[in-house]
Amino acid sequence: MAPRALITGITGQDGAYLARFLLEKGYEVHGMVRRSSTETFERINDLRHRITLHQADLLDQLSIITLLQNVRPREVYNLAAQSFVPTSFLQPLLTGEFTALGVTRVLEAVRLVDPSIRFYQASSSEMFGKVQREPQDEQTPFWPRSPYGAAKAYGHWITVNYRESYGIFACSGILFNHTSPLRGKEFVTRKVTDAVARIKLGAQDKLVLGNLEALRDWGFAGEYVDAMWRMLQLDHPDDFVIATGEKHSVRELVELAFAHVGLDWRPYVTIDPELFRPAEINTLRGDAGKARSQLGWQPTLSFADLIHMMVDADRERVARELAE
Ligand code: NAP
Ligand code: GDD
């Protein structure tokens, strides 16, 4: 019988890649979606006939318990969250409800319905915040710099706690930034590649950004979901940093993306101090040595190839839209 997995956040970037990945591995894939007045689900539209979607919400405990009772999955990947850092400053309480307490609600459902379920929590390098060491690994202390980072730190520790208290097979993947052509357009990588495509095709004339000096460790989402799955196949649950080990500035990202379409970025980019954050994370770079040795996982796509792939995908899409 095909193994059954449930993905919360299946409509997001990672959910869409993970659903494809698990289908290819022969899984029966179920996804949790929240009610909306307009159902777009654009990242998973091509998979709709191969997956089963169920309505539930991270805010509603009973809906999650009922979902697990109905689906009875072997693996639960908890990817749902309010994931945009600036929004977490504007809506810190809602972010805490979704991104922190939401994890406990899913874990409580696992504990009550079937404690043998294998559980993956989408933790984040944002927990390292004001970094205490470079590069960051599983032992590096957390110092979150946003309500989102603080909520993720709670989600991480409650996952560890349910493992230690109830023996649940619960893993926390501490993933550094990862992106793709399916990335939300508010995140800086996709904001830049979408703008570059539009500028090249004459549909936009400038790009307004915030802090160009921030450094991030960016990888490809399509490769990072493989690491999530590998964690849940271990003999014993554990926590892993997933990263490339390289860091690049937002400025480098911008230069690279514009150069790919033969443009100098300087005439097009302006800086808006409104886009700076109340507390910034200046630098993040992960050490995924433990994942390499214990999961056999390592990233292969280079930063330049990743950004070029995203610019190319946005160019194709924008050209299609303009032709319609
Ligand atoms: P994303 O594209 O923003 O997707 C977030 C998902 O969560 C969406 O499917 C969203 O549904 C769902 N969601 C939000 N609130 C919900 C609620 N109350 N009930 C049910 N579903 C809800 O995020 P992503 O980039 O795929 O990231 C996946 C996870 O990894 C997130 O937890 C994120 O915080 C974490 N993470 C991401 C990165 C990264 O660089 N991408 C790095 C580390 C950790 P709607 O479609 O309805 O909005
Ligand atoms: N979004 C955005 N928009 N960021 C900008 C801009 C802009 O116009 N200009 C500069 N930046 C800088 C931000 O200040 C930040 O330092 C960096 O670009 C990356 O910002 P985001 O792409 O929004 O990602 P993030 O690093 O804050 O958070 C992402 O990665 C985390 C993992 O470390 C999200 O995916 C989180 O959900 C994830 O946990």
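In case you missed it, the structure is sitting above this.
Along each chain, numbering runs from 1 in the same order as the chain's sequence is written. Labels are handed out in written order, letters beginning with A for the chains and numbers beginning with 1 for the ligands. In keeping with the predicted nature of the model, local features appear solely for residues at pLDDT of at least 70, side-chain atom pairs appear and are counted solely at 80 or more, and the whole-chain, interface and lining totals rest on all residues. Excluded from the side-chain calculation are hydrogens and water; included are all heavy atoms of the structure.

**Thoughts on the environment of Ser180**
The helix count covers DSSP runs of H or I at least four residues long, the strand count covers runs of E at least two residues long, and both are numbered beginning at the N terminus. By the secondary structure assignment, Ser180 is in the loop between strand S7 (178-179) and helix H6 (188-200). On the basis of relative accessibility, which here comes to 0%, the residue Ser180 falls in the buried class. Expressed as a C-alpha distance, the spacing of Ser180 and Arg190, which sit 10 residues apart in the sequence, is 7.7 Å. Contact between two residues is taken to exist if any of their heavy atoms lie within 4.5 Å; hydrogens are not considered. Ser180 has contacts with Gln13, Tyr17, Arg190, Phe220, Ala221 and Met310, leaving out every residue within four places of it along the chain. A distance of 2.9 Å separates a polar atom in the side chain of Ser180 from a polar atom in the side chain of Gln13. Partly exposed describes any residue whose relative accessible area lies between the buried limit of under 20% and the exposed limit of over 50%, with all areas from a 1.4 Å probe on protein chains only and scaled to the type maximum. Two N or O atoms form a polar contact when they lie within 3.5 Å of each other; inside protein one atom must be a possible hydrogen donor and the other a possible acceptor, and for residues adjacent in sequence the pair counts only when both atoms belong to side chains.

**Overview of the pattern of salt bridges**
By convention in these notes, a salt bridge is any Lys or Arg side-chain nitrogen within 4 Å of a carboxyl oxygen on Asp or Glu. The full count for this structure, using the stated rule, is 18 salt bridges. The shortest N-O distance in the salt bridge between Glu134 and Lys247 comes to 3.2 Å. With a gap of 113 residues between them, Glu134 in the loop between strand S5 (118-124) and helix H5 (147-166) and Lys247 in the loop between strand S11 (239-242) and strand S12 (248-249) connect regions that are remote in the sequence. In this structure, the salt-bridge partner of Asp226 is Arg230, at a minimum N-O distance of 2.9 Å. Taken together, the positions of Asp226 and Arg230, both in helix H7 (residues 221-232) and four residues apart, correspond to about one turn of that helix. Take Asp226: its relative accessible area is 17%, and that puts it in the buried class. Through salt bridges with shared partners, a single network forms among Arg190, Asp194, Asp314, Arg317 and Glu321.

**Details of helix H8 (residues 250-260)**
Working note: α-helix, 3.6 residues per turn, so residues spaced by three or four point in the same direction. Burial in H8 covers these residues: Val250, Leu253, Val254, Ala257 and Phe258. Buried residues of H8, seen end-on, are gathered within an arc of 120 degrees and therefore sit on one face of the element. Elements that come into contact with the buried residues of H8 comprise H6, strand S8 (207-209), S12, strand S13 (269-271) and helix H10 (303-323). The arc in question is the one spanned by the directions pointing from the helix axis to the C-beta atoms.

**What about the packing of H8 against H10?**
For the pair H8 and H10, interaxial distance at closest approach is 9 Å and the crossing angle is 55 degrees. Our classification of the angle between H8 and H10 gives oblique. The crossing of H8 and H10 is right-handed. Across the interface between the two elements, Leu253, Leu256, Ala257 and His260 from H8 touch Phe303, Ala304, Ile307, His308, Val311 and Asp312 from H10. Axis lines are fitted to C-alpha atoms, over the contacting stretch for helices. Their N-to-C directions set the angle, which ranges from 0 to 180 degrees. An angle below 35 degrees is read as roughly parallel, one above 145 as roughly antiparallel, one from 65 to 115 as roughly perpendicular, and any other as oblique. If you view the pair so one helix is near and one far, a crossing is left-handed when the near helix is turned anticlockwise from the far one by less than a right angle, and right-handed when it is turned clockwise.

**Some thoughts on the nonpolar core**
Note on terminology: a nonpolar core comprises buried Ala, Val, Leu, Ile, Met, Phe, Trp, Tyr and Cys residues joined through side-chain atoms within 4.5 Å. If you look at the biggest cluster of nonpolar residues, it comprises 63 residues, and the most contacted ones within it are Leu22, Tyr77 and Ile242. For this core, the element with the highest residue contribution is H7, accounting for eight residues. Built from parts of two domains, this core gets at least three residues from each of domain 1 (4-178 + 218-242) and domain 2 (184-216 + 247-284 + 301-323). Those residues in contact with Tyr77, other than ones at most four positions away along the chain, are Ala5, Leu6, Ile7, Thr8, Leu18, Leu22, Tyr120, Met228, Trp229, Leu232 and Gln233. Counting residues in each nonpolar core, the second largest holds 24 residues, with Ile64, Val106, Val110 and Val113 among its members. In this document the domain limits rely on a domain assignment from an automatic tool or a database.

**Thoughts on the site of ligand 1**
In the vicinity of ligand 1 lie 24 residues, with Thr11, Asp14, Arg34, Ser83 and Tyr148 positioned nearest. Between Thr11 and ligand 1, the recorded distance is 2.5 Å, taken from a side-chain N or O atom to an oxygen atom. Interatomic distance of 3.2 Å between a backbone N/O atom of Ala81 and an oxygen atom of ligand 1. Burial of ligand 1 by the protein chains amounts to 87% of its free accessible area of 900 Å². Broken down by secondary-structure element, the contributors of at least two residues to the shell around ligand 1 are helix H1 (13-24), S5 and H5. For the shell around ligand 1, the element with the highest residue contribution is S5, accounting for three residues. Gly counts as polar in this scheme, as do all residues outside two lists: the nonpolar Ala, Val, Leu, Ile, Met, Phe, Trp, Tyr, Cys and Pro, and the charged Asp, Glu, Lys and Arg. For the shell around ligand 1, the class distribution of residues is 10 nonpolar, nine polar and five charged. The criterion for a residue being near a molecule or strand is simple. One of its heavy atoms has to lie within 4 Å of it. Per-residue accessibility takes into account occlusion by the displayed protein chains alone, with areas from the Shrake-Rupley method and a 1.4 Å probe.

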